[in-house]
Amino acid sequence: MFPWVDGFHWTVMHVVFLTIFGLVLLTVLATFAWSLFRTASDLRSHRAAEVCWHNNFSQLPEAERHCRHEFSGRVIHRVCPNAFDCQHCDMYEAFAAMPAPALRHNPGVGYSDQLLYHRGHTWVQPNEDGTFAIGLDEFAQHLIGQPDAVKLPRKGSAIQHDGIAWRITKNGREIRVRAPLDGTILATGGPQSPWYLRVKPNGAVDLRHLLQGPEVAGWLESEMDRLQIQLRTPGSEPALADGGMLMPELMEALPGADWDEVLSATFLDA
Amino acid sequence: MSDLAIVDRRFIARGEERSSTLKFALWLTPWIALLAFGLYAAFLCLYYGLNQTNMDNRFAFGLWIFADLSVIAMGAGAFFTGFLVYILKQEELKPVLNSAVVVGLVCYSGAVGVLMVDVGQPLRAWFTFWHPNTHSMLTEVTFCISTYLMILILEYLPVLLRNRQLQKIPSFLVFEHQFHKLVPVLAAVGAFLSFFHQGSLGGLYGVLRGRPFAFREHFAIWPTTFFLFILSAIAVGPSFLLLVVATVETVTGKKLVEESVLRKLGFISGILLGVYVAAKSIDTIVWLNITSPSVGFAPWEYYAYKPFGSAILFSEIVLLGLLPAFLLIFPKTRARRGWLVFAAVLTCGGVLLNRFVLTVQTLALPTLAFDDFLKYIPSWQEVATFGAVVAYGVIVYSLSYRYLPLFGHSKGEDKHVSVG
Amino acid sequence: MSARYGMVIDLDRCTGCGACMVACAAENNVPPLPPRATDRTGLTPMLVHKVNNGVEGAGRREAFIPIACMHCANETPCVSVCPQQAVEVDKATGIVMQIPQRCLGCRYCMTACPYHARYFNWWDPSWPPGMEKTLNPGVATRMRGVVEKCNLCHARLHTAMEKAAAAGKKEIDMADYVPACVEACPTNAIQFGDLANSEDAASQAAHSPDAFRLLARLGTEPKIYYKSRQAWVRALAERSPNGHPTEAQHV
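Residues numbered from 1 in each chain as written. Chains lettered and ligands numbered in written order. Predicted model: local features only at pLDDT ≥ 70, side-chain atom pairs only at ≥ 80, totals over all residues. Heavy atoms only, no water.

Caption draft 1: Highlighting the overall build of chain C. Each helix and strand in chain C was counted, giving seven helices and eleven strands. Computed over its C-alpha atoms, the radius of gyration of chain C comes to 18 Å, within 12% of the 18 Å expected for a compact globule of 251 residues. Its C-alpha atoms put chain C at 55 × 45 × 35 Å along the principal axes. Summarising the internal contacts of chain C: among those between residues at least 6 apart in sequence, 64% fall at separations of at least 24. For chain C, the computed accessible surface area is about 10800 Å², with 54% contributed by carbon and sulfur atoms. (Helix = DSSP H or I, 4+ residues; strand = E, 2+ residues; numbered from the N terminus. Rg over C-alpha atoms; globule rule 2.2 N^0.38 Å. Contact = heavy atoms within 4.5 Å. Areas by Shrake-Rupley, 256 points an atom, 1.4 Å probe, with all protein chains shown as cover.)

What follows is the structure, encoded as structure tokens:
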């Protein structure tokens, strides 16, 4: 191919053939390189969390995509088409304007009217100084029990809404807990503290996607129903018992259950 | 569930039903055994030399070349389905696109693997890139197939990255998301390359003026076999894909795609097969009456040797060409799964027979006036090596089916199809 | 120099003794093959075929046809198909050259050759102890997995060229360039010369009315001619028109 290779003669055919081949190769490598470049820029600009979340959401079964307005009774049945992204939902205003019927829910697990809840079972508490405390809700706590290990983000690092905030290890399983909002970590706590993270938000905060008040009860009741079905003895018929309280240390109490399935559904993970 | 089963389950997408870890292991075992045995046979050939085969100076091409050509023809479903979906916008074929990519990857990588054992000096394979001979069809084949294999690997990447655990790595998922947008470009390039190498594989035989049985008239620099191979490849590709999907549905006991998708594949295959049969018939008539006699080779002579009588030609064009074309085109037969699969099998058989005729029969036939008609039976090493390719294909497909979203999600929403 | 070296083989003189085959093997360092090699896996750049006129009984006639590379002059089949240009036609001599170090061993050239003049190294070459003393130092041995064929004893051409250059001459003396098979033939059945030179005896013999080339209708323009006064031998040039090819055995 090169002038010094003995016996090789360049002809028009060679130029044509190798040019076409070169173009093809270039195109293929360019698509690969371009994708790598775009990936790097996405990762740098923190768009990765959004991409990953949309992918996870698309894999959730229909039964785990209840629109939050079901829980407040504003709609009987609606599957969320929007990755739980109430901020960019064109139906949100219409729903929010509707009156909420007075429903009585008895979820069997505790919650607080003062806290705002994320669908991934974390709660958010606004502080007076504009920062937020983030913790794990009672449902998740009773499920997991005492964690074997917790991996918290570093102080000063950023978390993205619907990205991974912290990880909990229990019985050889890693649970990825989702962040309820965007922000920078000011302080970290843990299972022994009243909160897991103290966060400074990025600019103005829109927390409409978080659940609060009576709709939380509706949501937790729906979660309890799901839990009962998922934890039933294999082969038995599904039954939804009313009443009763969720016991703590469930992973210890029921070691043989399909915890991968339960935890994936609870924490909205693959 | 045992610990192993629990870990195994983690790699299977949520909501997907797959057989138990034990059952899957049992399914894989005989294929792994076949693969191991075939790899041993290949090792013998690489270590001791090609005297381990039954090829000789008269049968310079044998089972492996025939197998390579057949497998590449059937793997044409990969590029052609991609072309249909991304360029011709046939969206209803999307559900089988991921399968097509896996089939294509397995076919091409298997063919290249066997080629590396088939040549006398595999380490010199890169010489073709360093000293390309633009007059040789084989140079064209080498360039195109290596690039196309690269494309198939790249197209498989997004499918792989959507594995339940792999997608938890953010950089992988974001890369898949970005790469997925450019897959139509790869599909177009793949179609361009495939057009040329499927054709050049046919051209390999059509240019052999020393073998009038194979030699054909030329259009510019390309013999008619160039175009016939492209036609037969795009005819058999959808049929083979149909067979693969139907087999997977039978083995797993699940309905993986709408019946209309398989019928559409069959219909496309049937139409193209019909065109191919027409073109081949004209080509055969010209060859028998003009091309071959003009160099002193009487055509009926070719079929004077049993068992390769004219029944072979009849089988290739009518029994395994015209007949399945009819079955696939007519709605009544196409609507029944049994007939559809039967017709697809016949189509594959016809293309296999065509590749066999051009490789083995060409070499068996005498050229010099005092030559004999020769026989060749592959050695066990050759058969085992080919068996390894089949086993490799089944294993890769099985693993892909179990751990990757080949057919989208069976729960009905968001059938996210990665590639083309 | 622009010669077109070729041969005219007189089939009426060939006795089928096989001396040309042995001389070729010795000159070209062809290794002895293991016992399980057959006539179809052997390395015989020169191979003598035995032919007959298809008649049984008193009318039977037999002859021998030595076949080596024909050094085809027109659209040489093996040259155009080699993917890595391991085969080339030497413009100065018309010899079809094989480059073993570049050969991949794909054997495409072997399928292209209608004369079956190409042979593959199916085994690693090995010589029994002591036999390495018989090796010809002017010819490189080949490795396993490559194709080889007759190259008109190109090493002897080189020797002739060196001799001519040493004597300050531009053209070689044809007496210095005699391929091994030509030299060994006891009946002088093989005439070797420059077919482009009208004064060359071989060139003149090639124009004789009894001369023919095998499969000339394929259009490859072989440079190995054959000669016979027997019509049935000349008829073997093309595929038999009545569809009953005479059977061949190799010597």
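Caption draft 2: Here's a closer look at the overall build of chain A. Each helix and strand in chain A was counted, giving eight helices and nine strands. Taking 270 residues into account, the globule formula puts the C-alpha radius of gyration at 18 Å, and chain A, at 25 Å, lies well above it. C-alpha atoms of chain A, sized along the principal axes, occupy 90 × 50 × 40 Å. Counting the 270 residues in chain A, one finds 47% classified as buried. Intrachain contacts of chain A at a sequence separation of at least 6 include 61% that bridge at least 24 residues. Entry remark: accessible area of chain A is about 13500 Å², with carbon and sulfur atoms responsible for 58%. For chain A, the centre of its 22 positive side-chain charges and the centre of its 31 negative side-chain charges are spaced 6 Å apart. (Buried < 20%, exposed > 50% of the residue type's maximum accessible area, 1.4 Å probe, protein only. Lys, Arg positive; Asp, Glu negative; His and termini not counted. Charge placed at Lys NZ, Arg CZ, Asp CG, Glu CD.)

Caption draft 3: How the structure looks around unusual backbone geometry. Cis peptide bonds are those with omega within 30 degrees of zero, and the linkage from Lys306(B) to Pro307(B) qualifies with 0°. In this structure, Leu268(A) is a non-glycine residue whose phi angle is positive, near 55°. Position of Leu268(A) among the secondary structure elements: in the segment after α8 (259–266). The phi torsion at Cys153(C) lies on the positive side, around 45°, for a residue other than glycine. Looking at the secondary structure, you find Cys153(C) in the loop between β7 (147–148) and α4 (154–166).

Caption draft 4: Layout of the packing of helix α11 (residues 259–291) of chain B against helix α14 (residues 337–364) of chain B. All names here are of chain B. Running from N to C, α11 and α14 point in directions that differ by 35°, and their axes come no closer than 11 Å. Considering the relative orientation of α11 and α14, their crossing is left-handed. Residues Glu259, Leu262, Arg263, Gly266, Ser269, Leu273, Tyr276 and Lys280 of α11 form the contact with α14, whose own contacting residues are Arg337, Leu340, Thr347 and Asn354. Here the contact of α11 with α14 is built from residues that sort into four nonpolar, four polar and four charged. (Axes fitted to C-alpha atoms, helices over the stretch in contact; angles between N-to-C directions. Left-handed = near helix turned anticlockwise from the far one by under 90°. Nonpolar A, V, L, I, M, F, W, Y, C, P; charged D, E, K, R; others polar.)

Caption draft 5: Expanded view of the interface of chain B and chain C. On the side of chain C, 57 residues touch chain B, which itself brings 59 residues to the contact. In this assembly, chain B packs against chain C so that about 4900 Å² is buried in total across both faces, 53% of it on carbon and sulfur atoms. In terms of surface lost to chain C, no three residues of chain B exceed Asn57(B), Arg209(B) and Phe370(B), which account for 17% of the buried area on that side. Across the chain B-chain C interface, the total number found is four salt bridges. The closest approach of N and O atoms between Arg239(C) and Glu301(B), which form a salt bridge, is 2.7 Å. Viewed at the interface, chain C and chain B are joined by 38 residue pairs in polar contact (both at pLDDT 80 or more). Sorting the residues of the side of chain B that touches chain C by element identifies α2 (21–48), α6 (127–130), α7 (137–161) and α9 (183–206) of chain B as the ones contributing at least two each. No other element matches the four residues that α2(B) contributes to the side of chain B that touches chain C. When the residues that make up the side of chain B that touches chain C are grouped by side-chain class, the tally is 31 nonpolar, 18 polar and ten charged. (Buried area = accessible area lost by both parts, 1.4 Å probe. Salt bridge = Lys/Arg side-chain N within 4 Å of Asp/Glu carboxyl O. Polar contact = N/O pair within 3.5 Å; in protein donor to acceptor, adjacent residues only side chain to side chain.)

Caption draft 6: Structural view of the side chain of Ser264(A). Residue and element names in this part refer to chain A. When you line up the elements, serine 264 lands in helix α8. Judged by relative accessible area, serine 264 falls into the buried class, the value being 6%. In this structure the side chain of serine 264 is engaged in a polar contact, spanning 3.2 Å, whose partner is the backbone oxygen of alanine 270.

Caption draft 7: Representation of the environment of Ala241(A) in the model. Considering the arrangement of structural elements, one finds Ala241(A) in the loop between α6 (214–231) and α7 (250–253). For the pair Ala241(A) and Asp225(A), spaced 16 residues apart in sequence, the C-alpha to C-alpha distance is 8.2 Å.

Caption draft 8: Examining the side chain of Asn55(A) more closely. As for its placement among the helices and strands, Asn55(A) is situated in helix α2 (residues 48–59). Ignoring anything within four residues of it in the chain, the contact list for Asn55(A) reads Arg162(B), Gln167(B) and Leu173(B).

Caption draft 9: Representation of the pattern of salt bridges within the structure. Taken as a whole, this structure holds 41 salt bridges over all chains when the rule is applied. Arg144(C) serves as the salt-bridge partner of Asp124(C), at 3.1 Å between the closest nitrogen and oxygen. With Asp124(C) in the loop between β6 (119–120) and β7 and Arg144(C) in the loop between β6 and β7, this pair connects stretches of sequence that are 20 residues apart. One network of salt bridges, with partners in common, ties together Arg176(A), Arg178(A), Asp269(A) and Lys168(B).

Caption draft 10: Representation of the sheet that holds strand β6 (residues 164–170) of chain A. Residues and elements named next belong to chain A. With respect to topology, three strands assemble into an open sheet ordered β4-β6-β7, the strand pairing being antiparallel. Where the open sheet ends on each side, the last strands, each with one partner, are β4 (149–151) and β7 (173–178). For this sheet, the mean angle separating the axes of adjacent strands, direction not counted, is 20°. Across six bridges, the pairing between β6 and β7 is antiparallel. Bridging across to β7, isoleucine 164 finds its partner in arginine 178. (Pairing = 2+ DSSP bridges.)

Caption draft 11: View of α8(A). Where burial is concerned, most of α8(A) is hidden: seven out of the eight residues are buried. Of the positions making up α8(A), those classed as buried are Trp259(A), Asp260(A), Val262(A), Leu263(A), Ser264(A), Ala265(A) and Thr266(A). Residues of α8(A) that are buried make contact with α5 (138–144), β7, α6 and α7 of chain A together with α1 (3–10) of chain B. Backbone geometry just downstream of α8(A) places Leu268(A) in the positive-phi region, at approximately 55°.

Caption draft 12: Structural context of the packing of α2(A) against helix α8 (residues 170–181) of chain B. Between α2(A) and α8(B), whose axes approach to 9 Å, the crossing angle comes to 80°. Taken together, the axis directions place α2(A) and α8(B) in an arrangement best described as roughly perpendicular. Contacts between α2(A) and α8(B) involve Ala48(A), Val51(A), Cys52(A) and Asn55(A) from the former and Pro170(B), Leu173(B), Val174(B) and His177(B) from the latter. Residues that form the contact of α2(A) with α8(B) fall into these classes: six nonpolar, two polar and no charged. (Parallel < 35°, antiparallel > 145°, perpendicular 65-115°, else oblique.)

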